[in-house]
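An overview of the molecular structure
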Amino acid sequence: MGERMRAGLTVSAIAHVAVLAWLLVTLPSIRVNSNPALTVDMISDAELSQVMAGVQNGPKADAPKPIVDKVGDPSPPVKDPVPKVSDKPEIAPSAAAPPPPPPEAKPAEAKPDKAEPKVDEIAEALKREEAKKREEAKKVAEAKKREEAKKREEARKREEAKKREQEKFDTASIENRLALMDRRAPQRHASLGAVINETASLGADRANAVALSANEQDALRRRLAECWDVPVGVRNARDLVVTIQIDFKKDGSLAADPVILNKSANPVFQVAAESALRGVRRCAPYKFMPPAKYEAWQEVVIDFDPREMFRD
Amino acid sequence: MQQGGIPGGKAFSRRGILIAGGAAAVLTSTRLTPARAALRLSVTEGNVKPMPIAIPEFITGSPGDVEMARTVTAVITNDLGHSGLFAPIDPAAYIERIANFDAIPRFPDWRAINAQALVVGRVGRQGDGRLRAEFRLWDVFGGQPQDGKQYQATPDNIRRIGHIISDQIYERLTGEKGYFDSRVVFIDETGPRERRVKRLTMMDQDGANARYLTRGEDLVLTPRFSPASQEITYMSYGQGDPRVYLLNIESGQREVVGNFPGMTFAPRFSPDGGSVIMSLQRAGNSNIFVMNLGSKAITRLTDSAAIDTSPSYAPDGSRICFESDRGGRQQIYVMPANGGNPQRISFGEGSYSTPVWSPRGDVIAFTKQLGGQFAIGVMNPDGKEERILTSGYHNEGPTFAPNGRVLMFFRDPGGNTGPALYTIDITGRNEQKVPTPSYASDPAWSPLLS
């Protein structure tokens, strides 16, 4: 018995050693079909969202050649890209809350003679247009261009004057259009060196320089949800989506009072809007917002939408 | 020719510019979204919880008015708290002591205790002895006044002033009309179960100022308020058959509605208060009739061999819901106000009774009996979206608050005790017991008094 077992063990040992020895000799010659090794960089979540937009095969410029030598001071960011047409009226108590004390009856002031010279609408409009043109020109190009523009304008003015004589206008419709005309300051800004100097470089093709990561967006969304007490007394929550624009400071506090962007004919909309506003104000400052990505959350538009909650 | 052509072309191009400018202005003014692509997020969840509100004691001019100030503050705190939509903050937590009605509150102090709304009030007596109360509602986080009113009344109306202020605050903050300045009539029950004395009783909706309207000699049932006048209709077993009566609350005058052979019961006013709808029982079946209170003209609305009863008008007066066992079991039916073909709307298990149309028209409340349980529920007027609000051994007789958001009903636990009144809001979340002098049943909520 013992004899046979020992024989078997010996055979097994020899066979194993033989196989191992054979493998040792043959293995290195077997070709492993593999791609060249890839280096993998571990990057953080923050770094991912910092990845610049670019093209994969973009030239890797070591030192991008400046197209413009002198880089001008970047213009300060536009504080309020859409100037408010009118200020939000203050919510006034609906009825006579007596104080503050009524102002003393003012002695009737002598009214200045109001008869102002009648304004020539068309000439006014033209002047405005001219001013606008000029301002743009000033920003973009040299004095020469301005000269030209002026000349053009003058020529045009002459033309118009001529035309006015020749032709009768439907003044009513012109006035209407003038009323609708955009009179705000031009918003186009001349390109600065910093903008022009952008060159294609390596980067993910759909990445953005500063964008909040999904987690960061979710943090803001969650915080706002925590702060928002839905007006439960309100029936028909259907059209009660309240859209609010929030302007933040870099420290997460509110740069301005949040603004309601939408409207509704529903009489309880005001209640819904106020509840959302209360929530936004109540939880300020939003200190958890990443200052490094301030550009991405400086201005946020939130839809407070209770419709899901009221589905019963 | 050339001369004419050039100006024409120019005019066109200038008009083009003007149109383009106009169009741009219209676009930017209607689309108020920022020019820069701002981050846009959707918040689809929020808290469903009562709004924390601070109601410091009203300020008074003289120490003699402190009691009055306490009363009005307590009434408001109680009203808003019971509604389930507000959570009055314990005054012990207040940081700022409001001493001046006209001063702007120190909002950080109120934010610190998380008050979202702050009610500041003042109450006092005028030279003519009348009381004068005023309040201001502040948005604590917005730092702005939201509402403010002042009232004058005789001193015995101090509680009503409190209810009216509560209604004002409720409406301003919820967008719905309030219901606090209203009353309830009900059947006050005293004595042992087998020999109960039942008296028609009226009180404020919060249980204060209860007073008896009948002396308890006759058995009274199912009182209902007129939506338009200070009148109540109810059913009473005096001598002989039960009859429907009309009672003027102010004068105490009462009269029988109609003079029919047989029993009349389950009366209810039409929305304009001009007629009473009821059922009239004869020879084992009962049908629904309406009587015009002015002309006394009677119109028959149903004609069946079944028991049709508990009629209730839609608030616009166009339709009537009622219960009927014409299908074998008590169910709820809806028919046009002038009669016509009734449509069954309740199809759940069990039997349905005492339907009441909500004053805001959106739902019909009912009592549902199933497996020894009596539940109070609501369903849409087309029978859809049935929801049970409360269920138990015995719940019955729902009546709507004037704003249709709260129901009152009575619950009888059985045994040696007696029934009591409860309120529940139509979400079913907020149930409250209503204080009454003794046992109470068959409540009917009045319309708003003011």
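Residues numbered from 1 in each chain as written. Chains lettered and ligands numbered in written order. Predicted model: local features only at pLDDT ≥ 70, side-chain atom pairs only at ≥ 80, totals over all residues. Heavy atoms only, no water.

Comments concerning the overall build of chain A
Across its full length, chain A holds 9 helices and 3 strands. Counting from the amino terminus, helix and strand elements in chain A follow one another as α-α-α-α-α-α-α-β-β-α-α-β. Looking at chain A as a whole, 28% of its 312 residues qualify as buried. For chain A, the exposed area adds up to about 23,000 Å²; of that, 56% sits on carbon and sulfur atoms. (Helix = DSSP H or I, 4+ residues; strand = E, 2+ residues; numbered from the N terminus. Buried < 20%, exposed > 50% of the residue type's maximum accessible area, 1.4 Å probe, protein only. Areas by Shrake-Rupley, 256 points an atom, 1.4 Å probe, with all protein chains shown as cover.)

Remarks on the nonpolar core
Formed by 40 residues in total, the largest nonpolar core has its most connected members in Ile 53, Phe 58, Leu 80 and Ile 169 of chain B. Counting residues per element, this core draws most heavily on helix H4 (residues 158-174) of chain B, which supplies 7 residues. Setting aside residues no more than four positions away along its own chain, Leu 80 of chain B makes contact with Ile 53, Ile 55, Leu 85, Phe 86, Ser 166, Ile 169, Tyr 170 and Phe 180 of chain B. Core analysis: the second largest hydrophobic core is formed by 33 residues, Ala 296, Trp 297 and Val 300 of chain A together with Leu 39 of chain B among them. (Core = buried A, V, L, I, M, F, W, Y, C linked by side-chain atoms within 4.5 Å. Contact = heavy atoms within 4.5 Å.)

A few points about the state of the cysteines
All names here are of chain A. Tallied over the full model, the rule gives 1 disulfide over all chains. Between the sulfur atoms of Cys 227 and its disulfide partner Cys 283 the distance amounts to 1.6 Å. The S-S bond linking Cys 227 to Cys 283 shows a torsion near -105 degrees; that makes this disulfide left-handed. Of the two residues, Cys 227 is situated in helix H7 (residues 214-227) and Cys 283 in the loop between helix H8 (269-282) and helix H9 (294-297); the sequence distance between them amounts to 56 residues. One exposure class covers both Cys 227 and Cys 283, and it is buried. (Disulfide = S-S within 2.5 Å.)

Let's talk about the packing of H8 of chain A against H4 of chain B
Closest axis-to-axis distance for the H8 of chain A/H4 of chain B pair is 7 Å, and the angle between their directions is 75 degrees. Taken together, the axes of H8 of chain A and H4 of chain B are roughly perpendicular relative to one another. Facing H8 of chain A, whose interface residues are Gln 270, Val 271 and Glu 274 of chain A, H4 of chain B presents Arg 172, Leu 173 and Thr 174 of chain B. Per-class residue counts for the contact of H8 of chain A with H4 of chain B are 2 nonpolar, 2 polar and 2 charged. (Axes fitted to C-alpha atoms, helices over the stretch in contact; angles between N-to-C directions. Parallel < 35°, antiparallel > 145°, perpendicular 65-115°, else oblique. Nonpolar A, V, L, I, M, F, W, Y, C, P; charged D, E, K, R; others polar.)

Considerations on the sheet that holds strand E1 (residues 39-43) of chain B
Strand order in the open sheet formed by 4 strands is E2(A)-E1(A)-E3(A)-E1(B), and the pairing between neighbours is mixed. At either margin of the open sheet sits one strand with a lone partner, and together these are strand E2 (259-260) of chain A together with E1 of chain B. Inspection of the sheet shows strand E1 (residues 242-247) of chain A paired to E2 of chain A by 2 bridges, in the antiparallel sense. Considered in E2 of chain A, the bridge of Gln 245 of chain A is made with Val 259 of chain A. Along the sheet, H8 of chain A makes contact with E1, E2 and strand E3 (299-304) of chain A, crossing E1 of chain A at roughly 30 degrees. (Pairing = 2+ DSSP bridges.)

Looking at the packing of helix H2 (residues 66-82) of chain B against H4 of chain B
Residue and element names in this part refer to chain B. Relative orientation of the contacting elements H2 and H4 amounts to 40 degrees, with a least axis distance of 8 Å. Between H2 and H4, the crossing angle belongs to the class labelled oblique. Crossing angle aside, the handedness with which H2 passes H4 is right-handed. Taken together, the residues of H4 that come into contact with H2 (itself represented by Met 68, Thr 71, Val 72, Val 75, Ile 76, Asp 79 and Leu 80) are Ile 158, Arg 159, Ile 161, Gly 162, His 163, Ile 165, Ser 166, Ile 169 and Tyr 170. Along the lines of polarity and charge, the residues of the contact of H2 with H4 split into 10 nonpolar, 4 polar and 2 charged. (Left-handed = near helix turned anticlockwise from the far one by under 90°.)

Overview of the pairing of strand E11 (residues 219-225) of chain B
Residue and element names in this part refer to chain B. Judged by how many residues are buried, E11 sits mostly within the fold: 5 of 7 residues are covered. With 5 bridges connecting them, E11 and strand E12 (residues 231-237) associate as antiparallel partners. Bridge assignment links Val 220 to a residue of E12, and that residue is Ser 236.

What about the sheet that holds strand E9 (residues 197-204) of chain B?
All names here are of chain B. The strand order across the open sheet formed by 4 strands is E10-E9-E8-E31, and the pairing between neighbours is antiparallel. Only two strands of the sheet have a single neighbouring strand rather than two, namely strand E10 (211-212) and strand E31 (439-445). Pairing between E9 and E10: 2 bridges, direction antiparallel. Opposite Thr 201, over in E10, you have Tyr 212 as the bridge partner.

Observations concerning the pattern of salt bridges
Two side chains bearing opposite charge may form a pair once their charged atoms approach each other closely. Residue and element names in this part refer to chain B. For the structure shown, the criterion picks out 31 salt bridges over all chains. Notably, a salt bridge pairs Asp 102 with Arg 122, separated by 4.0 Å at the nearest N-O pair. Linking Asp 102 in the loop between strand E4 (86-88) and helix H3 (107-112) with Arg 122 in strand E5 (residues 117-125), this pair joins segments that are 20 residues apart in sequence. Take Arg 122: its relative accessible area is 26%, and that puts it in the partly exposed class. Look at the salt bridges and you will find they share partners, linking Asp 102, Arg 122, Arg 132 and Glu 134 into a network. (Salt bridge = Lys/Arg side-chain N within 4 Å of Asp/Glu carboxyl O.)

What to know about the side chain of Glu 231 of chain B
Topologically, Glu 231 of chain B is positioned in strand E12. With sequence-adjacent residues up to four places away left out, Glu 231 of chain B is seen in contact with Arg 224, Phe 225, Ser 226, Leu 246, Leu 247, Asn 248, Ile 249 and Phe 269 of chain B.

Some words on the confidence of the model for chain A
Residues and elements named next belong to chain A. Residues at a pLDDT of 70 or more form 44% of chain A, whose mean pLDDT is 68. With pLDDT under 50 throughout, residues 91-117 is counted as low confidence; its partners more than four residues away or in other chains account for 26 contacts. A low-confidence stretch, residues 193-199 stays under pLDDT 50, and its non-local contacts, those more than four residues away or across chains, total 11 contacts. (pLDDT = per-residue confidence, 0-100.)

Topic: the pairing of strand E24 (residues 364-370) of chain B
Residues and elements named next belong to chain B. For E24, the tally of buried residues reaches 5 of 7 residues, placing the bulk of the element in the interior. The loop that links strand E23 (residues 351-357) with its antiparallel partner E24 comprises 6 residues; one of these, Gly 361, has a positive phi angle of about 85 degrees. As paired elements, E24 and strand E25 (residues 373-379) share 7 bridges and run antiparallel to each other. Each residue of the ladder has a partner; that of Ala 365, found in E25, is Val 378.

With respect to the environment of Arg 196 of chain B
All names here are of chain B. Inspection of the secondary structure assignment puts Arg 196 in the loop between strand E8 (183-190) and E9. Look at Arg 196 and you get buried, because its relative accessible area is 16%. It is 9.1 Å that separates the C-alpha atoms of Arg 196 and Leu 219, two residues lying 23 residues apart in sequence. If near-sequence neighbours (up to four positions away) are discounted, Arg 196 is found in contact with Glu 189, Thr 190, Gly 191, Thr 417, Gly 418, Pro 419 and Tyr 439. At 3.1 Å, the side chain of Arg 196 and the side chain of Glu 189 are in polar contact. (Polar contact = N/O pair within 3.5 Å; in protein donor to acceptor, adjacent residues only side chain to side chain.)

Side note on the packing of aromatic side chains
Remark: the centre distance and the inter-plane angle together describe each pair of aromatic rings, the angle taken between the planes. Considering all chains together, one arrives at 16 aromatic pairs over all chains under this definition. Pairing Tyr 170 of chain B with Tyr 179 of chain B gives two aromatic rings, centres 5.8 Å apart and planes at 85 degrees, and the pair type is edge-to-face. Both residues of the pair, Tyr 170 of chain B and Tyr 179 of chain B, belong to the buried class. Among the aromatic residues, those joined into a ring-pair cluster are Phe 248, Tyr 286, Phe 288, Tyr 294 and Trp 297 of chain A. Here the guanidinium or amino end of Arg 254 of chain B rests over the ring plane of Tyr 245 of chain B, the centre of that ring lying 4.5 Å away. For Arg 411 of chain B, the ring lying beneath its charged end belongs to Tyr 422 of chain B, and the centroid distance is 4.4 Å. (Phe/Tyr/Trp six-rings, centres within 6.5 Å; stacked < 30°, edge-to-face > 60°. Lys NZ or Arg CZ within 6 Å of the ring centre and 35° of its normal.)

Here's the deal with unusual backbone geometry
In this model, Ala 284 of chain A is joined to Pro 285 of chain A through a cis peptide bond whose omega is 0 degrees. Take Pro 285 of chain A: it is sitting in the loop between H8 and H9. Positive phi, normally seen in glycine, also occurs at Asn 114 of chain B, with a value near 60 degrees. Here Asn 114 of chain B is to be found in the loop between H3 and E5.

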